Amino acid sequence: MCSIFSLRNGVFPAIDHHHHNNCANVKPQIARYSTHLSNSRRTELRAQLTDNISVVQSKPISQEDVINDDKRVIVGTYGRTPIVLTSGKGCKLYDIEGREYIDLTSGIAVNALGHGDPDWVQAITDQANVLTHVSNIYYSLPQVNLAERLVASSFADRVFFSNSGTEANEAAIKFSRKFQRFSHPNNTDPPTEFISFSNSFHGRTIGSLALTSKEHYRTPFEPVMPGVTFLKYGDIDAAQELISSGKIAAVFVEPIQGEGGIYSASKDFLKSLRGACDKAGSLLVFDEVQCGLGRTGYLWAHEAYGVTPDIMTLAKPLAGGLPIGATLVTERVNAAINFGDHGSTFAGGPLVCAAAIAVFDKISNPSFLTSVTIKGDYLKETLKKKLQGNKHVKEIRGFGLIVGIELDVSATPLVDACRESGLLILTAGKGDIVRLVPPLVISEEELDRAVEIIHECLHVLDEKISN
Ligand SMILES: Cc1ncc(COP(=O)(O)O)c(C=O)c1O
């Protein structure tokens, strides 16, 4: 048996029942964090680890213990909410102290089937028993089967798999540049630049970050990828003008912006981008990492607009909670890509693809998609009925089960109060928008209860102002 030692107050041990498979990682981790440990403590830990001593947990771990341990050993990139979630079932989450929450966050639009969907669990269990990982230097069945589903259900002819949304966009960046080189064989200066839009979010690796509009995500890491121009989301004239310059390799756009504040593109905007790109030879990339795969009630959000891209990126919900990214391309784009142009060790592995097939087969069912539309309409109507009279509520908007409540103040006090009342919700935009992205399997009763809690908690917005 393997134990992971808690370093809390120098008092260990605690057995982490979730990390039994990580024994091989323990020593390198200790070495990495060794600057936090006294030499004697390090020696003691090493001795225990070397001897592989299993130590019995002396007392239950409290929420506070976990939070303190996390603060000691995790790089501080996240402003975490002070609860420790330990289990979930359907649309409910449970914390370490046994409190129940209705989950309107879905791991930020990831757990589309909720938590512990039995078919999803079965698919993962069956696949893990057979084969979890093989290198992409070999063929494997789940990857091909998933790609066939994505191709059959979309504009695309080919799929490149990765492990996250930002990676799906990195692949789209590279493919766009390669496409332009391939399409301009005699041009020493082919189009290499990109257009992105206000309130966009495309990820946090250097290329995707360069396409992400929020300056404070970008500036500490500059120089990011050069050649990106940000235009106002919806500004048709500016986009047409810049695309017609002939310098643009690709235009990146979210048909519905999630992180940026739940803003939907207009049909005219996407159509005009399509037209301008076709004229100039630029590619149109739809980032559907957050809004894709059923969240809008359409399988792909762009279906609602009748406009198709050259490349579409997917991630969050695709494997129902396991890490995956996918870059879907047309044959025309694929023709520019050669062996060795891109790759990934983990991407498209059998386990994650088996999980994604289970997710895709449920979500792509037309009756499932209809249920998302019905529940989305119901949620918006109920929110409007209950909240619209409140002076802080400026707008309730969205599409299917991606819904925003724009406030005239910060949404954080409301988010905190809801959590204390057993409801988890998110913010978006500049923090003044409540973002609701529940599991797509949520029931109307759960939505009713969630709206009730938001309604009951709204008064905190007044209190915080008067304080
Ligand atoms: C539209 C969009 N694109 C890309 C990303 C980045 O995805 P990931 O966090 O998986 O890298 C996100 C994440 O929120 C997103 O909403």
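Residues numbered from 1 in each chain as written. Predicted model: local features only at pLDDT ≥ 70, side-chain atom pairs only at ≥ 80, totals over all residues.

### Description of the sheet that holds strand β1 (residues 85-89)
Turning to step 1, where the next piece is worked out: In space, the four strands of this open sheet follow the order β1-β2-β3-β15, with mixed pairing throughout. Each edge of the open sheet is held by one strand with a lone partner, namely β1 and β15 (423-424).
Turning to step 2, where the next piece is worked out: Sheet topology places strand β3 (residues 100-103) next to β15; two bridges connect them, and they run parallel. From the neighbouring strand, I102 faces β15, where its bridge partner is L423. (Pairing = 2+ DSSP bridges. Helix = DSSP H or I, 4+ residues; strand = E, 2+ residues; numbered from the N terminus.)

### A short note on the nonpolar core
Turning to step 1, where the next piece is worked out: Among the nonpolar cores identified, the biggest contains 120 residues, and V251, A355, A356 and V359 are the most heavily contacted of them.
Turning to step 2, where the next piece is worked out: The biggest single contributor to this core is helix α13 (residues 350-363), with 10 residues.
Turning to step 3, where the next piece is worked out: Taken domain by domain, this core gets at least three of its residues from each of domain 2 (85-110 + 366-466) and domain 3 (118-363).
Turning to step 4, where the next piece is worked out: Apart from the residues within four sequence positions on either side, V251 is in contact with I195, I243, L273, C277, S282, L284 and V285. (Core = buried A, V, L, I, M, F, W, Y, C linked by C-beta atoms within 7 Å. Buried ≥ 20, exposed ≤ 12 C-beta atoms within 10 Å, placed from the backbone. Domains from an automatic or database assignment. Contact = placed C-beta atoms within 7 Å.)

### A closer look at the packing of helix α5 (residues 118-130) against α13
Turning to step 1, where the next piece is worked out: Where α5 contacts α13, the axes come no closer than 9 Å and their chain directions differ by 155°. Regarding the angle of α5 to α13, the classification is roughly antiparallel. Considering only the axes of α5 and α13, their crossing is right-handed. Here D119, W120, A123, I124, Q127 and A128 of α5 lie close against α13, whose contacting residues are P350, L351, A354, A355, I357, A358, V359 and K362.
Turning to step 2, where the next piece is worked out: For the contact of α5 with α13, a count of residues per class yields 11 nonpolar, one polar and two charged. (Axes fitted to C-alpha atoms, helices over the stretch in contact; angles between N-to-C directions. Parallel < 35°, antiparallel > 145°, perpendicular 65-115°, else oblique. Left-handed = near helix turned anticlockwise from the far one by under 90°. Nonpolar A, V, L, I, M, F, W, Y, C, P; charged D, E, K, R; others polar.)

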